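# Descriptive structure summary
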Amino acid sequence: MQINGSVALVTGANRGIGLAVAQALVAAGAAKVYAGARRPETVVDDRLVPVRLDVTSAEDIAAAAALAEDVDIVVNNAGTGGIEAQLFTGSLDVAREVMETNVFGPWEIARAFAPVLAANGGGALVNVLSSTSWWAMAGAPAYSASKAAAWSLTNALRLGLAKQNTLVVGVHSGFVDTDFSAAVPADKITAIDLADQIVRALAEDRTEVLADEFTAATRRALAGGIEAVQGITPYKVS
Ligand SMILES: NC(=O)c1ccc[n+]([C@@H]2O[C@H](COP(=O)([O-])OP(=O)(O)OC[C@H]3O[C@@H](n4cnc5c(N)ncnc54)[C@H](OP(=O)(O)O)[C@@H]3O)[C@@H](O)[C@H]2O)c1
């Protein structure tokens, strides 16, 4: 699709990958980029249009879809880790919050914006997923389960939105250098690199981004069974 002159909305666009994607879209010629944020005052780049958008709030989502009726690119980026919910300890309420943010939020946004995208010619829906769509993290079980669920949801949305000509892009990445992964000893790509890859995929009408070699290797290993998948690690081992 053509990025030049497009209008986009990015969730969680006040920092990290969301901010980088919003800025990359501006750099690629987007006419307007709405920056969704729980606290709009944290959007400080004045090239972006701040919008109050907690992705777990049905009211915020409905209001954003009514306001941003000119969008033709929606990027579901906002996400949370919830590592307090460990496999056998920690409240499962935290795990439920992760599912609300990483799965039901993007789903509700897709529902709210599907008619907007249709009215604007189809456009694109981008879901920022993870390599953990395929690779389980024992230390972050809610997170990896949420990304596996969000991958399946993304694939269903691609089928469901095909008839209105909406491109649905699933973005899979290993660790990215943001606040989110600051404590993780692993090789990381930059948020700017990932954002550029996302914009390129949109421009080339591609349905999937495999952002780094770890992610691509994980994807290939699926064919070798679960032992092959879990045999690959993104962590730096000393
Ligand atoms: N960093 C990585 O290693 C990595 C790798 C693969 C995939 N990802 C995915 O990339 C996406 C962005 O991650 P990041 O690395 O940029 O993380 P980050 O730096 O921690 O930023 C997370 C963003 O999501 C927002 N957010 C969280 N809950 C929200 C909610 N309920 N409603 C609206 N916004 C909410 C945060 O807003 P506040 O400022 O209000 O908290 C923030 O803008 C996530 O989906 C993550 O799973 C990250």
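Located above this text is the structure these notes cover.
Residues numbered from 1 in each chain as written. Predicted model: local features only at pLDDT ≥ 70, side-chain atom pairs only at ≥ 80, totals over all residues. Heavy atoms only, no water.

Counting its secondary structure elements, the chain contains seven helices and seven strands. Along the first, second and third principal axes, the C-alpha set of the chain runs to 50 × 35 × 30 Å. Counting every atom, the chain has about 11000 Å² of accessible surface; 56% of that belongs to carbon and sulfur. Each charge class in the chain was averaged separately, 17 positive and 25 negative side chains, and the resulting centres sit 2 Å apart. (Helix = DSSP H or I, 4+ residues; strand = E, 2+ residues; numbered from the N terminus. Areas by Shrake-Rupley, 256 points an atom, 1.4 Å probe, with all protein chains shown as cover. Lys, Arg positive; Asp, Glu negative; His and termini not counted. Charge placed at Lys NZ, Arg CZ, Asp CG, Glu CD.)

A separate point is empty space enclosed by the protein. Rolling a probe over the atoms, with the probe sized like a water molecule, indicates the empty space that remains. Tallying each qualifying case throughout the model produces one cavity of 30 Å³ or more. The volume enclosed by the largest cavity comes to roughly 60 Å³. Taken together, Asn-76, Ala-78, Asn-102, Pro-106, Asn-127, Val-128, Leu-129, Lys-147, Ala-150, Leu-153 and Thr-154 form the lining of the largest cavity. Broken down by secondary-structure element, the contributors of at least two residues to the lining of the largest cavity are α3 (92-119), β5 (124-128) and α4 (141-161). The leading source of residues in the lining of the largest cavity is α4, at four residues. Classifying every residue of the lining of the largest cavity by side-chain character gives six nonpolar, four polar and one charged. (1 Å grid on protein atoms, 1.4 Å probe; cavity = no way out; pocket = protein on both sides within 12 Å on 5 of 7 lines; lining within 4 Å. Points joined across faces, edges and corners; volume = space filled by probe spheres on them. Nonpolar A, V, L, I, M, F, W, Y, C, P; charged D, E, K, R; others polar.)

Proteins that are soluble and globular tend to have nonpolar side chains buried together. The biggest cluster of nonpolar side chains holds 35 residues, and the ones touching the most others in it are Val-10, Val-21, Leu-25, Val-33, Val-169, Leu-194 and Leu-202. Listing elements by their share of this core, those giving two or more residues are β1 (7-10), α1 (16-27), β2 (32-37), β4 (73-76), β5, β6 (167-172) and α5 (191-203). The element that contributes the greatest number of residues to this core is α5, accounting for seven residues. What Val-10 contacts, discounting residues up to four positions off in sequence, is Gly-18, Val-21, Ala-22, Leu-25, Val-33, Tyr-34, Ala-35, Gly-36, Val-75 and Asn-77. (Core = buried A, V, L, I, M, F, W, Y, C linked by side-chain atoms within 4.5 Å. Buried < 20%, exposed > 50% of the residue type's maximum accessible area, 1.4 Å probe, protein only. Contact = heavy atoms within 4.5 Å.)

Right, let's talk about the layout of surface pockets for a bit. Approximately 160 Å³ is the volume attributed to the second largest pocket. Here the lining of the second largest pocket is composed, by residue class, of five nonpolar, two polar and four charged.

Lining the immediate environment of the ligand, one finds 26 residues, of which Asn-14, Arg-15, Arg-38, Tyr-143 and Thr-178 sit closest. A distance of 3.2 Å is found between an oxygen atom of the ligand and a backbone nitrogen or oxygen belonging to Gly-12. Side-chain polar atom of Thr-178 to an oxygen atom of the ligand: 2.6 Å apart, as the coordinates give it. The protein chains hide 95% of the 900 Å² of surface that the ligand would expose on its own. Of all elements in the fold, only α1 and α4 reach the threshold of two or more residues within the shell around the ligand. (Near = heavy atom within 4 Å. Polar contact = N/O pair within 3.5 Å; in protein donor to acceptor, adjacent residues only side chain to side chain.)

Moving on to a negative patch on the surface. Residues Glu-59, Glu-84, Glu-97, Glu-100 and Glu-108 make up a contiguous surface patch of negative charge. The element that contributes the greatest number of residues to the negative patch is α3, accounting for three residues. Tracing the chain through its elements places Glu-108 in helix α3. You can call Glu-108 partly exposed: its relative accessible area is 37%. (Patch = residues over 30% accessible without salt bridge, like charges linked within 9 Å, V, L, I, M, F, W, Y side chains within 5 Å. Salt bridge = Lys/Arg side-chain N within 4 Å of Asp/Glu carboxyl O.)

Counted under the stated rule, the structure contains seven salt bridges. The shortest N-O distance in the salt bridge between Asp-70 and Lys-32 comes to 2.7 Å. Taken as a pair, Asp-70 in the loop between α2 (58-67) and β4 and Lys-32 in strand β2 lie far apart in primary sequence, 38 residues in all. A relative accessible area of 27% places Asp-70 in the partly exposed class.

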